[in-house]
Amino acid sequence: MSTPNSVKGTITSNTHITKDVSHITIKPEQRLEFTPGQFTMITINTPETKSRPYSIASAPWEEELSFCVKKVEGGTVSTELYNAQPGTTLTLSTPLGVFTIPEHTEAEHYAFIATGTGIAPFRSMIRTLFPQAFKGRGHNTQKKITLLFGARTKEDLLYKEEFEHLQREAENFTYYATLSREKKEGFLQGHVQEHLHLITQPENTLIFICGLTPMVRETKKALLNKGIPPTNIHTELYG
Ligand SMILES: Cc1cc2nc3c(=O)[nH]c(=O)nc-3n(C[C@H](O)[C@H](O)[C@H](O)COP(=O)(O)OP(=O)(O)OC[C@H]3O[C@@H](n4cnc5c(N)ncnc54)[C@H](O)[C@@H]3O)c2cc1C
């Protein structure tokens, strides 16, 4: 069967999980095959019909797709998505992108570094690597997985309960959250770039970084300065 270039989908829920970020679930008319880490071009079917790329935040084993969208100041599509009501129809392109875990890798450790909605592709990867923890099919990975996530305040930590739950369930998953604009007991302080020492065994680690360009560039530079081979570092820039 050939893969369609796009499918129609309907928003089934839109939850404002922080003051400017929405968790949106979409039921596609046809199953959309994708590899965790990929994005799809979302087009809202308004007269202006503009599209933007959004990383898929759910795992392939889930029936509905989910997305994590930040309402950008003055942003066209992100504002429409943030305000969209259940029942809204949209178009999703065939999943795109190569920000995925290589199929054949001997790495024993994956480290995911994100800020803001850069967490979306990692939520998809993590739910795929640990399906049992989320009532999905399949076995949890035996590899060591580290998530280093940065936000301004505790309220901006996306999917905090979900990652804390996973940390309790899986001893090979470690979750670090760092806050750049407030001090809170139990959380790291500062930007993700200041905590790269937490990513141990770097010689055997694949490191994935996702978020806005300055964070991704600075983090990659710091990792290269630590002697991590460039082939072990994968990046996705949101703009
Ligand atoms: C591969 C890829 C995956 C992405 N996945 C996600 C995702 O999962 N979740 C998500 O929220 N976003 C994601 N983005 C960003 C998204 O595609 C849009 O750029 C963003 O939602 C803004 O679109 P807009 O139409 O609202 O803004 P526009 O109308 O295009 O721009 C309005 C203003 O906002 C600025 N701007 C554009 N993008 C951003 C941004 N990301 N942050 C801050 N300011 C910005 C522009 O410079 C402009 O000044 C992804 C981008 C890429 C390239």
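What you are looking at is a predicted structure, and each value in this text was computed from that prediction instead of being measured.

### Quick notes on the nonpolar core
Okay, step 1: Ranked by size, the top nonpolar core spans 35 residues in total, and within it Phe112, Ile119, Phe122, Ile126, Phe130, Leu147 and Phe173 carry the most contacts.
Okay, step 2: Secondary-structure elements contributing two or more residues to this core are strand S7 (109-115), helix H2 (120-129), strand S8 (144-151), helix H3 (160-169), strand S9 (173-179) and strand S11 (205-211).
Okay, step 3: Broken down by element, the residue count for this core peaks at five residues, all from H2.
Okay, step 4: Among all residues touching Ile126, those that are not within four sequence positions of it are Phe112, Phe134, Leu147, Phe163, Leu166 and Phe173.

### Section: the pairing of strand S12 (residues 233-237)
Okay, step 1: Note: S11 against S12, five bridges, orientation parallel. Looking at the pairing, Ile207 lines up with Ile233 of S12.
Okay, step 2: Tracing the backbone out of S11, into helix H4 (residues 213-225) and back to the parallel element S12 gives a crossover that is right-handed.

### Some details on the site of the ligand
Okay, step 1: The environment of the ligand is made up of 20 residues, and the closest members are Arg52, Pro53, Tyr54, Cys68 and Ser78.
Okay, step 2: The side chain of Arg52 places a nitrogen or oxygen atom 2.7 Å from an oxygen atom of the ligand.
Okay, step 3: In this structure, Cys68 approaches the ligand through a main-chain N or O atom, which is 2.8 Å from a nitrogen atom.
Okay, step 4: When the ligand is considered free in solution it has 910 Å² of accessible area, and contact with the protein chains removes 71% of it.
Okay, step 5: No other element matches the four residues that strand S4 (residues 51-55) contributes to the shell around the ligand.
Okay, step 6: In terms of residue class, the shell around the ligand is built from 11 nonpolar, six polar and three charged.

What counts, and where the lines are drawn
- Residues numbered from 1 in each chain as written.
- Predicted model: local features only at pLDDT ≥ 70, side-chain atom pairs only at ≥ 80, totals over all residues.
- Heavy atoms only, no water.
- Core = buried A, V, L, I, M, F, W, Y, C linked by side-chain atoms within 4.5 Å.
- Buried < 20%, exposed > 50% of the residue type's maximum accessible area, 1.4 Å probe, protein only.
- Helix = DSSP H or I, 4+ residues; strand = E, 2+ residues; numbered from the N terminus.
- Contact = heavy atoms within 4.5 Å.
- Pairing = 2+ DSSP bridges.
- Right-handed = clockwise from strand over helix to strand, strands pointing away.
- Near = heavy atom within 4 Å.
- Polar contact = N/O pair within 3.5 Å; in protein donor to acceptor, adjacent residues only side chain to side chain.
- Areas by Shrake-Rupley, 256 points an atom, 1.4 Å probe, with all protein chains shown as cover.
- Nonpolar A, V, L, I, M, F, W, Y, C, P; charged D, E, K, R; others polar.

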